[in-house]
Structure formats: structure tokens, C-alpha cells
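Coordinates in review
Chain residues, written in single-letter form:
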Amino acid sequence: MAYSTQTLAKGCFGKIYKEKFGDAWAAIKRVPVEYISRHDLERECQVYHNVRHPNVVKLLGDPWMKDYMWYIPLEFIFGEDLETTIFKAQISKIQLTPAVKATIIIGMCDGLLHLHNKDVVHQDLKPDNIMIEHQTCRAVIIDLGLAKFLKNGLSSAQNMGNEAYSAPEILQRGGIRDKRSDVWAMGKIIAELCARIRLMTQYVSASKILEILKDQPYCTAVCRMVDTNPVSRVTMAGVISEIRRAGSVAQMNVRPSDVTMAQGNEMRGNQRRAQQVASPPKMEIKKPPVNQIYYHQDPPQQREMGKGAVVPLKGPGANNPMSLMSFPCPLPETGKVIQERYNEEKGAMEYKEIVTKGGKIIKYEKVQIMKDS
């Protein structure tokens, strides 16, 4: 079978390529047969089968061998890794507004909670191993090559992982990587995402996080996650509600142009908060003289993606990935917008009708548009 390939990254003991798998794109992980035994390969695939979740990368099919390489077909994420989002702003296509940060943080924490509920320890959490989907800002935990089942003290894999995101008990005392060390790594990642600075591992502690994130809604939760004592460190199940509440607070404190609908409530941006945030000179916004406005989003090679506010919706379309969109221009206070968007997977334009009234989105549905040839 012939494939159009593109090298994406180096994974655990192998490289990952963008290739066609059936009718869709996939991230094909290629691992030399001498780097992984059949037993370890079966264990890795079993991990993927056990942890089906929107915030965890999916295994698309059974691996196969070719030219002394194992080929492992994984879900392809049309986006970028969190390392790029946080530390390479000049090339990132995601604008880290409070609402976008909340979507990313809640998503990756939900993914890790699901892994832990399935008694799976990732072992190698770091920004490189979290993908952010451009259109939705969905966070997806990837690279489960080192992940292991850990139940009743029994491990299914070696104690391995990176040092930059290793908890103190791993670096200082040679401890076993477990759910608590995963939580510590996730806490560090959240802190770096919020502050957009690289933190030295040996200096990460609750007191340091309190100093860095003292004015941010995630501060208390992250302090509990990076507790240097693994015995008193919070679990993902114990902190997830706090993370979600902090995300809700962050989504409410956005600029008026960052229209947000969350938890089934239609909300406007907090204008008093917006006045405190450095922003471009204000422009007088008048109600549109007509009731319908069109705007256009070019194909990916001609545009920058993710520069608007993410608008999480509730209702019949809420479970559709298309229901989380980025709006490249402010919506009218009252009126109708036809959104024209290029679907990268289908290679075609799609259209959605957005109806606003009194500053609130009251309709957001896919529509058919007939254009003159």
C-alpha cells in the first residue's frame, strides 16, 4: 500500500509519521522490532484499548509489521503540541485567552483522571506529549508507550520517564512512578501554561507556585498537585472539581468580545475585568445596519487558526467537536453571521449560522449554502 507520509515527531522508541490509514489521516508510529518485544507491544495496545476517552489519543487498528518495523496506527490530531503553544508563541496558531487556557487545562486533567480511573500510569507527562487541536482547543494526551497498569502495587512496565517533569520522590529517592507522580507532572504543566515560563524542576513546590500563580484561579489546585510529599499530594479525583471551578472562573473573566456560553448558562464577558486587561484601543461598536453579516475563513495555508475566543456550547450539538469554534472577529450584538470554514479532513468548505440577540448566542447550526459558480 502506498502512503503519502510526513514525519511528525519522535515518539517513545520510534518515530511518528502522518500517513493515510483507510480514508482518513493517522499518526503512524513506527518502531524497529529490536526496540520493542511483542509482549510490550501487546501491553501498549491493551492500554489504548482500555482508555477510550476524548482527551486520550485513540488506537485506530491493530499494529502490523513491515520491513522489520512495527506500524502502530493512532488518531491524528490536527493541531500542535503544548510545548509549541506555551513556549513558541511566534509559531503557535493558538492564542492563550483565559477561555482557551480553561479548555486545555480541564481537557488534559479529564484525560489524566480517566487514565487513573483505569489504573493506568502515563509515566511520561510533558508538554510534548499533549496535543492541542487547532479548531476546538481539545487537549489530547498522547504517547502511551511508557504507560503501565498499576494495581495493587503490581506494575506492567518498567519505571521510566523524563526527568524534567519527574516528581521529587522520583529524582531524590528513586521512587516508583505512579499516579501521584503523574499528578505532580500535570501540576507543573498547568503552572507553566498559566505563567508561560519554564520552571526548574528542583524548585517546583507549593510555595513557589503560590508566588507565581497567586492571582490566578488555578493557584490553590496546582499547589496541592505539586506537594513535595507524595503521601499528602492530592489525587486527580480529589482535585478535578477544583480545576473545573477554576476554569469556569477563568472563562467568566474574559473580554466582552470573547463571547462565552458555559454550564448551560448564557453569559457575557465581564466588562469591568476587561478594563483591567491590557488591550488595543477601544473602538465604538454600533449595531449593524443590516441583519446579516458574512465573513470568510481561508484554508489553513492562508490563515492563522485559533485567534478568536473559544465558545463552548450546550445543547444538541454540544458533543460534536465542531461545536467548539474560534471566531476571528467580534460577533454583532444582535444579528446573523454565516461562518465559512475550511474542513481540513474533508478538504471542503463548511458553513454554520450564528444568530445573536442582546449579546448572546441563541443559535449555532450547520447550514447549506449554495454559491453561484
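Further up the page is the structure itself.
The structure contained in this document is the topic of the report that follows. (Residues numbered from 1 in each chain as written. Predicted model: local features only at pLDDT ≥ 70, side-chain atom pairs only at ≥ 80, totals over all residues. Heavy atoms only, no water.)

Another point: helix α5 (residues 179-195). Compared with an ideal rise of 1.5 Å per residue, which puts 17 residues at 24 Å, α5 spans 25 Å between its outermost C-alpha atoms and is within 8% of the ideal. In terms of residue burial, α5 counts as a mostly covered element, since 14 of its 17 residues are buried. Phi turns positive, to about 55°, at Arg196, one or two residues after α5. (Helix = DSSP H or I, 4+ residues; strand = E, 2+ residues; numbered from the N terminus. Expected span 1.5 Å × (residues − 1). Buried < 20%, exposed > 50% of the residue type's maximum accessible area, 1.4 Å probe, protein only.)

The subject of this paragraph is the pairing of strand β8 (residues 130-133). The alternating pattern of β8 places Ile130 and Ile132 and Met131 and Glu133 on opposite faces, both of which are buried. Sheet topology places strand β6 (residues 79-81) next to β8; three bridges connect them, and they run antiparallel. Bridge assignment links Asp81 to a residue of β8, and that residue is Met131. Pairing between β8 and strand β9 (residues 139-141): three bridges, direction antiparallel. (Pairing = 2+ DSSP bridges.)

This next bit is on the environment of Leu213. Residue placement: Leu213 occurs in the loop between α6 (206-212) and α7 (219-225). Along the backbone, Leu213 and Cys223 are ten residues apart, and their C-alpha atoms lie at a distance of 9.2 Å. Once you skip the residues sitting within four places of it in the chain, Leu213 turns out to touch Ala191, Cys194, Ala195, Cys219 and Val222. (Contact = heavy atoms within 4.5 Å.)

Another point: unusual backbone geometry. In terms of backbone geometry, most residues other than glycine have negative phi values and most peptide bonds are trans. Positive phi is not limited to glycine here, since Asp67 has a value of about 55°. Examined against the element boundaries, Asp67 turns out to sit in the loop between β4 (64-66) and β5 (69-75).

So, on to the packing of aromatic side chains. Counted according to the given criterion, the structure contains three aromatic pairs. Plain terms: the ring middles of Phe21 and Trp64 are 6.0 Å apart, the flat faces sit at 10° to each other, and that makes the pair stacked. With a gap of 43 residues between them, Phe21 in strand β2 (residues 14-21) and Trp64 in strand β4 connect regions that are remote in the sequence. Given a relative accessible area of 27%, Phe21 falls into the partly exposed group. An aromatic cluster is built from Phe21, Trp64 and Tyr71, whose rings are joined through pairwise contacts. Lying over the aromatic face of Trp25, Lys18 brings its terminal NZ or CZ to 4.6 Å of the ring centre. A cation over a ring is seen here: Arg198 above Phe87, with NZ or CZ 3.8 Å from the ring centre. (Phe/Tyr/Trp six-rings, centres within 6.5 Å; stacked < 30°, edge-to-face > 60°. Lys NZ or Arg CZ within 6 Å of the ring centre and 35° of its normal.)

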